Amino acid sequence: MSELRYAIIGAGPSGLSAARALQKAGIEFDGYEASRGVGGLWDIENPRSTMYESAHLISSRTTTEFAEFPMDTDADYPSHRTLIRYFRDFADRFRLTERFRFETKVTSLTRDDDGEWMLRADSPHGPVAERYDGVILANGTLAEPNVPTFRGEFTGELLHTSAYKTASQLTGKRVLIIGAGNSGCDIAVDAVHHAASVDMSVRRGYYFVPRYLFGKPSDTLNQGRPLPARIKQFVDKRVLQAFTGDPVRFGFPKPDYRLYESHPIVNTLILNHLGQGDLRIRPDVDRFDGRTVHFRDGSSGEYDLVLLATGYTLDYPFVDRGALHWTGWSPELFLNVFPPSFNGLYVMGMIEASGIGWQGRYEQAELIAEYLAALERDPGRAAEFRRRATSEPWPDLTGGYKYLGLERMSYYVNKDAYRRAVRAATTALRGDARDAAPGRGIRSSRRRSKKVPA
C-alpha cells in the first residue's frame, strides 16, 4: 500500500475515474465533494448542477460508458436520470462512495515549504484542514456560467441555461435564446411546446449531426482506424448534407470554419421545428432596451425571457492560477493534466472532445495513477517522464484539425490523437516502451496525510 496520500476534489465522472484508478494502483486518497453524493452535474438535485429535465447524452452509450462497467440499459442515448443511477452504481460497485467526504466544499489549496498541499474545506461538522502529497482537481468544467455583458438593460427575465431545469419555466412566455450550442438547441426544442414564441440569436453557423445514421448511433460509425482530418471532413460533410440538408436554408449563417473545428450540434429536431415555423433564427444581439432586444441587422423583438446559452468558464477557484500555469482562457498543462512545474497538482477532465467518453477520462486517471506510483516505487522513471514533458515538444492533440480560437475551444482535443498520446505516456511510465529508459531522480518524501488545526 502507498505511503503517500492524495486528495481528489469532485465526485463526478472525472473524480470517480481518478478514485478508481488510484484504488487499483494501491494509492491512498481522500475524496471531497461539495454536493450530497456522487454524480457531479448529472445529479439534477446538486445545487451546482447544470442539468435540466429533458437532458440526455449527446454521445451514444457504448462510446461513453466505462469499459469495465457497461450501462444497464438498452437506450442508445440515456437520460440524466439513468446516468445518475449509473454513477451511483459504479461508485457502490467498487466501494468508492465511502472514500468521499460529501457536503464538503474545498475552499483553498496552498503549498507549504515541504512541497505538500494544505487543503482547507467547509463541512457540516466544521472546518477541515489536511495536508496531502498531491491533489487531483476533478471539479468539472461546466459549472461556472459564462455571462456576457450587453449594452442597455433588459427588464424582463434574464437567465443563463445553468438555471434552466424544466420547460414549465417557459410556459406562455416570449423567449429569446442567445447562443445555439447543444444545450441551447435542446432547450429550444423544449420551448416550442410551451412558450408563446421562440427565437434564437446566433452569431455564427453550425454543423448539425443526427443522432442516427443508417439506423445506428452516428458516433458508432467509423470506430476503427480514424480517417485523416481533411478526408473525414470531406466525407462527413457530404453525408450530413444528404441527411440534414443545408442549415443555411433554415436561417443559420453559413459556418466560417470546417466541420469538427468546433463542437457540432447533435440535434436535428431543431431543424424540423425551424422547417415547421415553430421558431426563427435572429442575428447577434446589439443592445437591450427594456423588453425590446435590438439585433445587429437593425431588426428588433419583444421578449419576456432571455435565456443565455453562452456556455461556461473554466474555474478552479480554490487554487492560485499560477500553480496551474494558467495562460489566457485555461491552464497550459502537459496532456491537459500536468502543470509544467510538476508541483503536485493534477487536473482531471479538462478536456473537451467529440466522442471521448468517460473511458477517455479514465485513461487520463490511469496515467496520473501510473505517475504517482512511479514517484514512490520507481522515482527514476518518474524523473524521466518529467524530463520529457519539460524538455521535449508536446504531442499534437488536434488530430490535424484547426480549432476555432474561442474560450470554450482552448482545451479542446481530438479524441483519437489525445487517447493515443495518453496511452503512449502511460506505456512509457510502465517501462514497456523501448525508449522508457529509467532516469535518475530524487525520491519523494514519504509522509502520510496529517490533520492540522483548522
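Each remark here, short or long, concerns the structure printed above.
Residues numbered from 1 in each chain as written. Predicted model: local features only at pLDDT ≥ 70, side-chain atom pairs only at ≥ 80, totals over all residues. Heavy atoms only, no water.

Undergrad: Help me understand the environment of Thr313, please; the structure alone is not making it clear to me.
TA: Its place among the elements puts Thr313 in the loop between strand 17 (305–308) and strand 18 (326–327). Considering only alpha carbons, one finds Thr313 and Asp186, 127 residues apart in sequence, at a separation of 20 Å. In contact with Thr313, other than residues within four places in its own chain, are Thr141, Glu144, Pro145, Asn146 and Glu407. (Helix = DSSP H or I, 4+ residues; strand = E, 2+ residues; numbered from the N terminus. Contact = heavy atoms within 4.5 Å.)

Undergrad: Please clarify how empty space enclosed by the protein should be interpreted in this entry.
TA: The probe, sized like a water molecule, is rolled over the atoms to show the empty space still left. Tallied over the entire structure, the rule returns one cavity of 30 Å³ or more. Reported here for the largest cavity is a volume of approximately 50 Å³. Lining the largest cavity are Arg48, Asn139, Gly140, Thr141, Ala143, Glu144, Thr313, Leu314 and Asp315. Broken down by class, the residue content of the lining of the largest cavity amounts to two nonpolar, four polar and three charged. (1 Å grid on protein atoms, 1.4 Å probe; cavity = no way out; pocket = protein on both sides within 12 Å on 5 of 7 lines; lining within 4 Å. Points joined across faces, edges and corners; volume = space filled by probe spheres on them. Nonpolar A, V, L, I, M, F, W, Y, C, P; charged D, E, K, R; others polar.)

Undergrad: Can you walk me through helix 4 (residues 182–191) in this structure?
TA: Side chains of residues three or four places apart in an α-helix project in the same direction, reflecting 3.6 residues per turn. Counting buried residues in helix 4 gives nine out of 10 residues, a clear majority hidden from the surface. Here helix 4 has its buried residues at Asn182, Gly184, Cys185, Asp186, Ile187, Ala188, Val189, Asp190 and Ala191. In the core, the buried residues of helix 4 are packed alongside strand 9 (174–178), strand 10 (197–201), helix 6 (269–275) and strand 17. (Buried < 20%, exposed > 50% of the residue type's maximum accessible area, 1.4 Å probe, protein only.)

Undergrad: Is there a simple way to explain the nonpolar core in this structure?
TA: Membership of the largest hydrophobic core comes to 106 residues, with the highest contact counts inside it found for Ile270 and Tyr371. If you tally residues by element for this core, the top one is helix 7 (residues 357–377), at 11 residues. Setting aside residues up to four positions removed in sequence, Tyr371 forms contacts with Phe338, Phe342, Tyr346, Ala382, Phe385, Arg386 and Leu429. (Core = buried A, V, L, I, M, F, W, Y, C linked by side-chain atoms within 4.5 Å.)

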